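# Results of the structural survey
Next come the chains, spelled out residue by residue.
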Amino acid sequence: MMHYPAMLNLTGKKAVVVGGGQVAARKVQSLLKANAEVTVISPTLTEPLRQFADQQRIVWREKPFEPRDIRGAFLVIAATNSRVVNDEVFKAANEYQLINIVDDPSNSNFIVPAVFQRGKLVMSISTSGACPGLAKQIKRDLEKHYDDRYEEYLSFLESSRKEVIHTMNDDKQKRAMLKELLHPRFLQMSGIERQEEFQQIMKKSRGTS
Ligand SMILES: C[C@@]1(CC(=O)O)c2cc3[nH]c(cc4nc(cc5[nH]c(cc(n2)[C@H]1CCC(=O)O)[C@@](C)(CC(=O)O)[C@@H]5CCC(=O)O)C(CC(=O)O)=C4CCC(=O)O)c(CCC(=O)O)c3CC(=O)O
Ligand SMILES: NC(=O)C1=CN([C@@H]2O[C@H](COP(=O)(O)OP(=O)(O)OC[C@H]3O[C@@H](n4cnc5c(N)ncnc54)[C@H](O)[C@@H]3O)[C@@H](O)[C@H]2O)C=CC1
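Positions within a chain are numbered from 1, following the residues in the order the chain's sequence is written. Each chain is given a letter, starting from A, and each ligand a number, starting from 1, according to the order in which they appear as written. Owing to the predicted nature of the model, reporting of local features is limited to residues with pLDDT of at least 70; listing and counting of side-chain atom pairs is limited to 80 or more, with chain, interface and lining totals taken over all residues. Working from all heavy atoms in the structure, the side-chain values ignore hydrogens and water.

Applicable threshold: UniProt positions are given in the numbering used here, feature names are shortened, and annotations may be inferred rather than shown by experiment.
Labelled according to an unreviewed UniProt entry, the protein appears under the name precorrin-2 dehydrogenase, originating from Aeribacillus alveayuensis. For the protein, the Pathway (unreviewed entry) comment in UniProt is given as "Porphyrin-containing compound metabolism; siroheme biosynthesis; sirohydrochlorin from precorrin-2: step 1/1."

Next comes the structure, spelled out in structure tokens:
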């Protein structure tokens, strides 16, 4: 069985994380990046979570878990250090909730991959739970290859792709131009050089139509 890879839009969605330790902090960080509305249920919080609570970026309910805590949540993560409590969270979830139990992949309906981002480029690596440490290691390797340049490069590709799609009529020419945009020379260039080269090839292509 392979999991179904997907990119969730969590903007404004209610996410509840049970537990306030290191693992919970990592999951909360990525939920906040995705604009989720995060509530943490835990008698204690580690430092990064405490800061999020102080800055009111999360709601902290300072108490042990009870089943009603996850009512109405779109996404639930059970991240306590107690198998018994994590299992209680699993049992309290309904079949429509997305649920991740950090120490029990077989009872989770989603698992979290290792992720890094370069602007709109998101790389996520999963071992389907077989060895999360390998996912992390591969992420580190890929981070070196897909370095900071990719943020601006992708932003250039996004805007020039739009220009091609909106200004060129001939389908064959459009496809050729979109293919040309992916030529590796564009990655190597500075922002100004990219623009000049792009305008030049657009002009040339229009001239041949
Ligand atoms: C199934 C899954 C469920 C889920 O959490 O979604 C899961 C489960 C478990 N992890 C365990 C251990 C470790 N997990 C990490 C690290 C990460 N774990 C992550 C995801 C996942 N972990 C999901 C599968 C992902 C996949 O393979 O695709 C990452 C990628 C993402 C994230 O957590 O954000 C993040 C790297 C983030 C990054 O840096 O990029 C490390 C290394 C470290 O911390 O440095 C260790 C110690 C080394 C080791 O044990 O291998 C244990 C045993 C716990 C125990 O000992 O009791 C279980 C339970 C079990 O295996 O049954
Ligand atoms: N999936 C993953 O990525 C990984 C999972 N793990 C698993 O995650 C578990 C948690 O790890 P850490 O965050 O390092 O533990 P931790 O000990 O730092 O934190 C545990 C947290 O759970 C809270 N907690 C305990 N009982 C609770 C209850 N009844 N209700 C609400 N909160 C409660 C504690 O107050 C504490 O904040 C580990 O026991 C391990 O099995 C460990 C490493 C990676």
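### Description of the site of ligand 2
Put simply, the rule is: Proximity is defined per residue: any heavy atom of the residue falling within 4 Å of a molecule or strand makes that residue near it. Strands are runs of DSSP state E lasting at least 2 residues, helices are runs of H or I lasting at least 4, and numbering of each runs from the N terminus. Classification used: nonpolar for Ala, Val, Leu, Ile, Met, Phe, Trp, Tyr, Cys and Pro, charged for Asp, Glu, Lys and Arg, polar for all others including Gly.
Taken together, 20 residues sit near ligand 2, with Gly20, Val23, Arg26, Thr44 and Phe65 positioned nearest. Considering every element that reaches the shell around ligand 2, the biggest residue donor is helix H1 (residues 22-33), with four residues. Here the shell around ligand 2 is composed, by residue class, of nine nonpolar, eight polar and three charged.

### What about the site of ligand 1?
Rule in force here: Pairs of N or O atoms within 3.5 Å make up the polar contacts considered here, provided that, within protein, one atom can donate a hydrogen while the other can accept it, and that residues adjacent in sequence are counted only when both atoms are side-chain atoms. Per-residue and other accessible areas were derived by the Shrake-Rupley procedure at a 1.4 Å probe size, with only the shown protein chains allowed to occlude residues.
Around ligand 1 sit 17 residues in total, of which Lys27, Ser126, Thr127, Lys136 and Lys139 are the nearest. A distance of 2.5 Å separates an oxygen atom of ligand 1 from a polar atom in the side chain of lysine 136. A distance of 2.8 Å is found between an oxygen atom of ligand 1 and a side-chain nitrogen or oxygen belonging to lysine 139. Contact with the protein chains covers 65% of the free accessible surface of ligand 1, which is 1,100 Å². Those elements that provide at least two residues to the shell around ligand 1 are H1 and helix H4 (132-145). With three residues, the single largest contributor to the shell around ligand 1 is H4.

### Some thoughts on helix H5 (residues 149-167)
The test is simple: Here, expected helix span is obtained from the residue count minus one, scaled by 1.5 Å. Burial status follows relative accessibility: with a 1.4 Å probe on protein chains alone, a residue under 20% of its type maximum counts as buried, one over 50% as exposed, and anything between as partly exposed. Note that the arc is defined by the directions from the helix axis to the C-beta atoms. Whether two residues are in contact is decided by their heavy atoms: any pair within 4.5 Å suffices.
Taking 1.5 Å per residue as the helical rise, H5 with its 19 residues ought to reach 27 Å, and the 27 Å between its terminal C-alpha atoms agrees with that figure. When we look at burial in H5, the residues that qualify are Tyr150, Tyr153, Phe156, Leu157, Ser160 and Val164. What you see down the axis of H5 is that its buried residues fit within an arc of 120°, all on one side. Among the exposed residues of H5, those pointing more than 90 degrees away from its buried face are Glu152 and His166. On its buried face, H5 sits against strand S6 (114-118), strand S7 (121-125), H4, helix H6 (171-181), helix H7 (185-188) and helix H8 (191-207).

### With respect to the packing of aromatic side chains
What counts, and what does not: In this scheme Phe, Tyr and Trp rings, the latter by its six-membered ring, pair at centre separations within 6.5 Å, and the angle between planes marks the pair as stacked below 30 degrees, edge-to-face above 60, and tilted otherwise. In this scheme, the term charge over a ring applies when either NZ of a lysine or CZ of an arginine sits within 6 Å of the ring centre and within 35 degrees of the ring normal.
Counted by the stated rule, this structure contains four aromatic pairs. Taken together, a centroid distance of 6.1 Å and an interplanar angle of 85° make the contact between phenylalanine 156 and phenylalanine 198 edge-to-face. In this pair, phenylalanine 156 sits in helix H5 while phenylalanine 198 sits in helix H8, placing the two residues 42 residues apart along the sequence. When its relative accessible area of 5% is taken as the criterion, phenylalanine 156 is described as buried. Under the relative-accessibility criterion, phenylalanine 198 is labelled buried at 1%. Connected via pairs of aromatic rings, a cluster forms that spans Tyr146, Tyr150 and Tyr153. Across the ring face of phenylalanine 74, the terminal group of lysine 13 is positioned such that the distance to the ring centre comes to 4.8 Å.

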